[in-house]
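Structural overview for review
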Amino acid sequence: MVKSRLLGRNTLSSTVIGVIPKDPAQDRLDDDMTNMHSIGTAAVVVQITGTNWPRPAYTLLVTGICRFRIESLLQETPYPVAMVTQLDKLPGEEIDNAELLALTENFREQAAKLVDMLDTSIPVVARLKKMLDSLPSQHLPDICSTIVKASYAEKIQVLDAVDLTERFKKALPLLVRQIEGLKLLKKARNEGKLEIVTRREVGQPANMRNVFRKIERVAEDEDDDNQDDVDEVTDLEQKIKACGMPPHALKAAMKELKRLKKMPQHMPEHAMIRNYLELMLELPWAKSSKDMLDIVQARKDLDADHYGLEKLKKRVLEYLAVRQIKAQLKGPILCFVGPPGVGKTSIGRSIANTLGREFHRIALGGVCDQSDIRGHRRTYIGSMPGRIIQGLKTAGTNNPVFLLDEIDKMSTSLHGDPAAALLEVLDPEQNHSFVDHYLNVPFDLSQVLFIATANSMSTIPPALIDRTELIMVPGYTQEEKVHIAQRHLIPKQLDQHGLTAEQLVVPEDAISILISKYTREAGVRTLERRIAAICRAVAVKVLETRSRKKQEKAAASNGGKDEVIAGEDVVKSLDSQEAAALSHPPEMPIVIDEAAVEDILGPPMFEPEMSERLSQAGVAVGLAWTAMGGEIMFVEATRMEGEGKLTLTGQLGDVMKESANLALNWVRANARKIFGENKKDILDKTDIHIHFPAGAVGKDGPSAGVTIITVLVSLFSDRCVRSDTAMTGEITLRGLVLPVGGIKEKVLAAHRAGLTRVILPARNEKDMHEVPNSIRKDLSIIFVSRVEDVLNAAFDGGFPLLKAHLTDIVSKL
């Protein structure tokens, strides 16, 4: 087991008495006899092997007899002699203690288990197994402690245990530990971490020691890994207790930590539990950011970041004011609905900056799996938390500003409906205990400020709309776009293109031309792209000017010899226009006028076409609301010989087709009071074709009824509709004009198109307060309640018959 020093020698009986050093680092006792351990072993020499060449080397095979204690040292030279006392019993004595008998049986069972785990095809292992069956019980702990991995101190404790019961108690844990180590060894061998010991390597009895050394090396590595794992588990436990989890989360985390402690490191579930605990540690259970609640400064910041959007900024300031009065306020669920490019996403970031909170954006466009919101259950391979929990982990606080972008563009699939999963997230009465499938414990989302954005409400489930506070974000007017371009877009593009205000100036007239002739949108994205195109063109001119000055300077330094040659080379490499520009470089700053805009961007994309399109009967201008904002819509009609058939084209929806049939039947029913008593059925031997241009764009909605009636009346009366008038509204069979939605967007679309008169339902007069005063001053708004009012306003001079009919109705009343 260990190296020893012979204290006495009896050559006749071949008995040796040996002791060991106290310090394992000092294996010789020749220099210091005081280093002897007080307890030694008496043994009988069974076999001596060795050789005298090249130097003497012998090996003794001994059998232990008993323990002894050194009482006194009698002689040190030429060899030590000491007085000793026998400690334990000699072989052959009986064991009659009941506790000792139970320990003996348990120990023998564990020893048999240890030997069974070894390869019995090895002769040494086979002999050891046979020896255990006939080995006296009092020798079991001594023999087994020599074949297991144990430290020097642990083996000393077994040697010092004179009482047999105590010796069994000291050796049994070492035996059990070795069995566990062999189990890990077997697992490691199956995973290819340890090369299997072959018969050739351990074929000789003397190599049994090498087998155990190899086992010990693997066990040491496992012990090192286990020690590191224990340190990590202890560190995890300390972090869990210190991270401020609520009681229910702390209970779940400690339960998983308890499982982790009992689980071997190489099991796949070990890494999964550790990842779960690390996620729980990284979540901001009790970490929140302090709001900077200065209502005056918040108003200034919002006005500086965004021009217009008064309704939206008013609601945000109201939330900030209430938050300043009452700190514990549940975060509202705001939903900004409006066309692209009006600043829905950017104002969410401005709100976060104003509040001093973290900002996190979650893009929901195209999401079709509810696990993106609620996460995957941990029973699945590759499971992970949902985007809400991941966003909280990224933000690092429990009260960030979450922007749920494009909630109207989610879809359903076999994996569930993500919009339904959002119902709990966006419900202020439920999200205080939101449960992610991966986390599986409630998390409080009530302090999170959720902001959702959408282009259209039509694709958002009604239940989801009910849980949000809708704030409509309409498009910008031309004046607002001019201010936005001057304050935000132009400085931004100058910075991105490396230009300065001393190099490029875009006056207000040029911006107005860009807005009216090169863009037709509710937002400002296309306007920003047009400004970027101007900046790129100016950047080319700036570099050409620098190159020209360098050439002139180089030519001047050479005495003008190379000036003519260089000029000819440049002119040859450019066309005539560019050569002229180089010969007369632009002065700085470059001022963009209408000619420069057309030269850079090409001919205008949008030209007034009202007078051209409305110069013939059977054409009228309607107003429509789309996800891109308000749009004008031409409606055309023509007639031909036929059998009274109605044809509708332009990719119309069912609602608009019904409106067309309704309008036609109203005109037929009221033909006499519109066209006179002698007017026959308008469909008599006549087919009618109604067309909505831009057939590639789908059209649907209940707001085209008055426009279709006006077109049909214009067609059959052969009178042109006023070219400065647009209209919107739905009708009934009795001729009533019903209100419609999207009034502000439609009015802005008419204003962008250059129209000056708009016909609206009388019940929509309440919606005009949303239209800016500058727009209302430029437009003449006509409110109507019946179809007759629409026709009288749509044609110059109205319809005489309709006027007389209306006069009769008024006189009867």
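Residues numbered from 1 in each chain as written. Predicted model: local features only at pLDDT ≥ 70, side-chain atom pairs only at ≥ 80, totals over all residues. Heavy atoms only, no water.

- The chain appears in an unreviewed UniProt entry as Lon protease homolog from Pomacea canaliculata.

With respect to the overall build of the chain
- On a plain count of helices and strands, the chain comes out with 29 helices and 23 strands.
- Here the chain has roughly 42,500 Å² of accessible surface; of this, 52% comes from carbon and sulfur atoms. (Helix = DSSP H or I, 4+ residues; strand = E, 2+ residues; numbered from the N terminus. Areas by Shrake-Rupley, 256 points an atom, 1.4 Å probe, with all protein chains shown as cover.)

Re the side chain of Arg378
- The topology assignment puts Arg378 in the loop between helix 12 (371-374) and helix 13 (387-395).
- Its relative accessible area of 18% is what places Arg378 among the buried residues.
- Within the structure, the side chain of Arg378 is placed 3.4 Å from the backbone oxygen of Tyr438, a separation counted as a polar contact. (Buried < 20%, exposed > 50% of the residue type's maximum accessible area, 1.4 Å probe, protein only. Polar contact = N/O pair within 3.5 Å; in protein donor to acceptor, adjacent residues only side chain to side chain.)

Structural notes on empty space enclosed by the protein
- In total, this model carries 2 cavities of 30 Å³ or more according to the counting rule given.
- Estimated volume of the largest cavity: approximately 60 Å³.
- As for the largest cavity, its lining consists of Gln478, Lys481, Ile515, Ser516, Thr519, Arg520 and Arg752.
- Listed by contribution, the elements that provide at least two residues to the lining of the largest cavity are helix 16 (478-496) and helix 17 (508-517).
- In the lining of the largest cavity, the residues fall into 1 nonpolar, 3 polar and 3 charged. (1 Å grid on protein atoms, 1.4 Å probe; cavity = no way out; pocket = protein on both sides within 12 Å on 5 of 7 lines; lining within 4 Å. Points joined across faces, edges and corners; volume = space filled by probe spheres on them. Nonpolar A, V, L, I, M, F, W, Y, C, P; charged D, E, K, R; others polar.)

With respect to a nonpolar patch on the surface
- Taken together, the side chains of Ile48, Tyr58, Leu60 and Val62 make up a nonpolar region of the molecular surface, amounting to roughly 390 Å² of accessible area.
- Considering the arrangement of structural elements, one finds Tyr58 in strand 4 (residues 57-75). (Patch = residues over 30% accessible without salt bridge, like charges linked within 9 Å, V, L, I, M, F, W, Y side chains within 5 Å. Salt bridge = Lys/Arg side-chain N within 4 Å of Asp/Glu carboxyl O.)

Thoughts on the pattern of salt bridges
- One pass over the full model with this rule turns up 24 salt bridges.
- One salt bridge connects Glu256 with Arg259, and the closest N-O pair in it is separated by 3.3 Å. Taken together, the residues span about one helical turn, with Glu256 and Arg259 both in helix 7 (residues 247-262) at a distance of 3 residues.
- For Glu256, a relative accessible area of 9% puts it in the buried group.

Description of the nonpolar core
- Membership of the largest hydrophobic core comes to 52 residues, with the highest contact counts inside it found for Phe336 and Ile592.
- Among the elements that make up this core, the one with the highest residue count is helix 18 (residues 525-557) (7 residues).
- Residue-level mapping places this core at the junction of two domains, with at least three residues from each of domain 3 (295-472) and domain 4 (477-547 + 587-607).
- Every residue in contact with Phe336, bar those within four places of it in the chain, is listed here: Leu312, Lys344, Ile347, Ile351, Ile451, Ala452, Thr453, Ala454, Ile471 and Val473.
- Residues Tyr276, Ala421, Leu422 and Leu439 belong to the second largest nonpolar core, which totals 50 residues. (Core = buried A, V, L, I, M, F, W, Y, C linked by side-chain atoms within 4.5 Å. Domains from an automatic or database assignment. Contact = heavy atoms within 4.5 Å.)

Describing the packing of helix 1 (residues 98-116) against helix 3 (residues 140-147)
- At their nearest, the axes of helix 1 and helix 3 sit 11 Å apart, and the two run at 30° to each other. What the angle tells us is that helix 1 and helix 3 run roughly parallel. Both helix 1 and helix 3 take part in a crossing whose hand is left-handed. Taking contact as the criterion, the partners of Thr104, Phe107, Arg108, Ala111 and Leu114 in helix 1 are, on helix 3, Leu140, Pro141, Cys144 and Ile147. (Axes fitted to C-alpha atoms, helices over the stretch in contact; angles between N-to-C directions. Parallel < 35°, antiparallel > 145°, perpendicular 65-115°, else oblique. Left-handed = near helix turned anticlockwise from the far one by under 90°.)

A word on the packing of aromatic side chains
- Scanning the entire structure with this criterion turns up 4 aromatic pairs.
- Seen in terms of ring centroids, Phe402 and Phe450 are 5.7 Å apart; in terms of plane orientation they differ by 80°. Their pairing is edge-to-face. Of this pair, Phe402 sits in strand 8 (residues 401-405) while Phe450 sits in strand 11 (residues 449-454), and the two are 48 residues apart along the sequence. Side by side, Phe402 and Phe450 carry an identical accessibility label, which is buried. (Phe/Tyr/Trp six-rings, centres within 6.5 Å; stacked < 30°, edge-to-face > 60°.)

Observations concerning the UniProt feature "binding site: ATP" (unreviewed entry) in the chain
- The sites that carry the UniProt feature "binding site: ATP" (unreviewed entry) are, in the present numbering, Gly338, Pro339, Pro340, Gly341, Val342, Gly343, Lys344 and Thr345.
- In this structure, Gly338 sits in the loop between strand 6 (333-337) and helix 11 (344-355).
- Of note, Pro339 is situated in the loop between strand 6 and helix 11. (UniProt positions renumbered as here; feature names shortened; annotations may be inferred.)

Examining helix 7
- Look at helix 7: 23 Å from first C-alpha to last across 16 residues, which is about the 22 Å you get at 1.5 Å a residue.
- Along helix 7, the residues that are buried comprise Ala249, Ala252, Ala253, Glu256, Leu257 and Leu260. The arc enclosing the buried residues of helix 7, seen along the axis, measures out at 140°, which places them on a common side. Away from the buried face of helix 7 by more than 90 degrees, exposed residues Pro247, Lys251, Lys255, Lys258 and Lys262 are located. (Expected span 1.5 Å × (residues − 1). Arc of directions from axis to C-beta.)

Things to note about the UniProt feature "active site" (unreviewed entry) in the chain
- The sites that UniProt annotates as "active site" (unreviewed entry) are Ser703 and Lys746. In summary, the annotated positions, though distributed over 44 residues, converge in three dimensions, the widest C-alpha pair being only 10.9 Å.
- With respect to the helices and strands, Ser703 occurs in the loop between strand 18 (686-691) and helix 25 (705-717).
- Apart from the residues within four sequence positions on either side, Ser703 is in contact with Leu623, Thr728, Gly729, Glu730, Val740 and Lys746.
- Looking at the element boundaries, Lys746 is found in helix 26 (residues 743-752).
- Exposure remark for Lys746: the relative accessible area of 3% places this residue in the buried category.
- In contact with Lys746, other than residues within four places in its own chain, are Leu623, Ala624, Trp625, Gly630, Ser703, Thr728, Val740 and Gly741.

Focus on the sheet that holds strand 8
- The 5 strands are arranged 7-8-11-6-12 in an open sheet whose pairing can be described as parallel. The open sheet terminates on both sides in strands that have one partner only, identified here as strand 7 (359-363) and strand 12 (469-472). Sheet twist, expressed as the mean angle between neighbouring strand axes with direction ignored, is 20°.
- Bridge count between strand 7 and strand 8: 5 bridges; the pairing is parallel. When the bridges of strand 8 are listed, Arg361 appears paired with Leu403.
- Docked against the sheet, helix 11 engages strand 6, strand 7, strand 8 and strand 11, running at close to 165° with respect to strand 11. (Pairing = 2+ DSSP bridges.)

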